[in-house]
Amino acid sequence: MSYTIYNFLNNDDVKVLHQAGQYQVIQWDRDLSVAPWSAQQAWFASQMDVRRRQLVATLDGRTGVTLQAGAMQWTVGQIQATTGVKGVGDLLGKAVRGAVSQDSIIKPEYTGVGMLVCEPTWRHLLIIDLAQWGGSVVLNDGLFLACDSTLHHDLQRRSNMSSALAGNEGLFNLRLDGQGFAVLESPCPQTEVLYIDLQNDEVKIDGNYALAWTSGLQFTVERSGKSLIGSAVGGEGLVNVYRGTGRIMMAPMQAATSWNTNAANPTS
């Protein structure tokens, strides 16, 4: 069996932004599927690099892909989809993770030989290699898009429950363990991502700017000052604190920024 795809990756408007492992991030440089009343909006969006992007995975039968629920647009070839649930115990574990985080309970897994294409998004797609994160990385809520199915999904609990609740932050984050690649939906492009490597030190961040961090870092929410009065006077209040040895990936804008991913209208 074989297949041939025309006018997709070889389209003049398609550019491959990044490629790693079995993944490619493509970008549509022009959005020609517009109506007369939306053409002006589309033109100004393109001037600010607001463009449709898609994740393409080429499966060779060895490593499958785990996707965020609802992210698949189309597949070609001998590709099978499963729920990714490996028994009652695994289902209960996924249910617990979904109940205490913004992580979806079921993430479908795709295996076989062929091509898998994700729904277009206006967000930026970042491919990370877990080998550069010591084989274990924690993701901020809502950023996970895809990963190699060989990676293990778990929850990372914050170091102190009371401060997490006081800071209006979730108590748990999704953690990926193993060797392989993962793809994040980011509010900023790779060129604006900031990396901080800590050696037994700490970083304090006033806001939800961290995209990912090494799982070995201690993560707490604390007062910015030594006292409640000091924090109030300083105007900062509570800050996210990362301590220890590891890496942090930061964005210049908050990771929890709400995006509408409807490819037909980027500003709706």
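Residues numbered from 1 in each chain as written. Predicted model: local features only at pLDDT ≥ 70, side-chain atom pairs only at ≥ 80, totals over all residues. Heavy atoms only, no water.

Draft legend 1. Region of the structure containing the overall build of the protein chain. Scanning the protein chain for helices and strands turns up 4 helices and 16 strands. Residues counted as buried form 46% of the 268 residues belonging to the protein chain. Total accessible area on the protein chain is roughly 13600 Å²; 53% of this is exposed by carbon and sulfur atoms. (Helix = DSSP H or I, 4+ residues; strand = E, 2+ residues; numbered from the N terminus. Buried < 20%, exposed > 50% of the residue type's maximum accessible area, 1.4 Å probe, protein only. Areas by Shrake-Rupley, 256 points an atom, 1.4 Å probe, with all protein chains shown as cover.)

Draft legend 2. Examining unusual backbone geometry more closely. Not every positive phi belongs to a glycine, and Asn-7 is a case in point at roughly 60°. Residue placement: Asn-7 occurs in the segment before strand S1 (14-20). A relative accessible area of 53% means that Asn-7 is categorised as exposed. The phi torsion at Asn-200 lies on the positive side, around 50°, for a residue other than glycine. When its relative accessible area of 68% is taken as the criterion, Asn-200 is described as exposed.

Draft legend 3. Focus on the side chain of Thr-214. For Thr-214, the location among the structural elements is in strand S14 (residues 210-214). Reaching out from Thr-214, the side chain makes a polar contact with the backbone nitrogen of Arg-247 at a distance of 2.8 Å. Beyond its immediate stretch of four places on either side in the chain, Thr-214 contacts Trp-133, Ser-136, Gly-246 and Arg-247. (Polar contact = N/O pair within 3.5 Å; in protein donor to acceptor, adjacent residues only side chain to side chain. Contact = heavy atoms within 4.5 Å.)

Draft legend 4. Expanded view of the packing of aromatic side chains. Throughout the structure, instances matching the rule amount to 6 aromatic pairs. Ring plane angle 65° and centroid distance 5.4 Å describe the contact between Phe-8 and Trp-74, whose orientation is recorded as edge-to-face. Within this pair, whereas Phe-8 is found in the segment before S1, its partner Trp-74 is found in strand S5 (residues 72-82), the two being separated by 66 residues in sequence. Judged by its relative accessible area of 27%, Trp-74 is partly exposed. Following the ring pairs from residue to residue traces out a cluster consisting of Phe-8, Trp-28 and Trp-74. (Phe/Tyr/Trp six-rings, centres within 6.5 Å; stacked < 30°, edge-to-face > 60°.)

Draft legend 5. Representation of the nonpolar core within the structure. Ranked by internal contacts, the top residues of the largest apolar core, which has 20 residues, are Ile-128, Leu-130, Val-137, Leu-139, Leu-176, Leu-211 and Met-249. Secondary structure elements with two or more residues in this core: strand S7 (124-129), strand S8 (136-139), strand S9 (144-148), strand S11 (172-177), strand S12 (181-186) and S14. Not counting the four nearest positions on each side in its chain, Leu-176 is found in contact with Leu-130, Gly-135, Ser-136, Val-137, Leu-139, Phe-144, Cys-147, Leu-151, His-152, His-153 and Ala-182. Residues Ala-20, Ala-57, Val-65 and Leu-145 belong to the second largest nonpolar core, which totals 18 residues. (Core = buried A, V, L, I, M, F, W, Y, C linked by side-chain atoms within 4.5 Å.)

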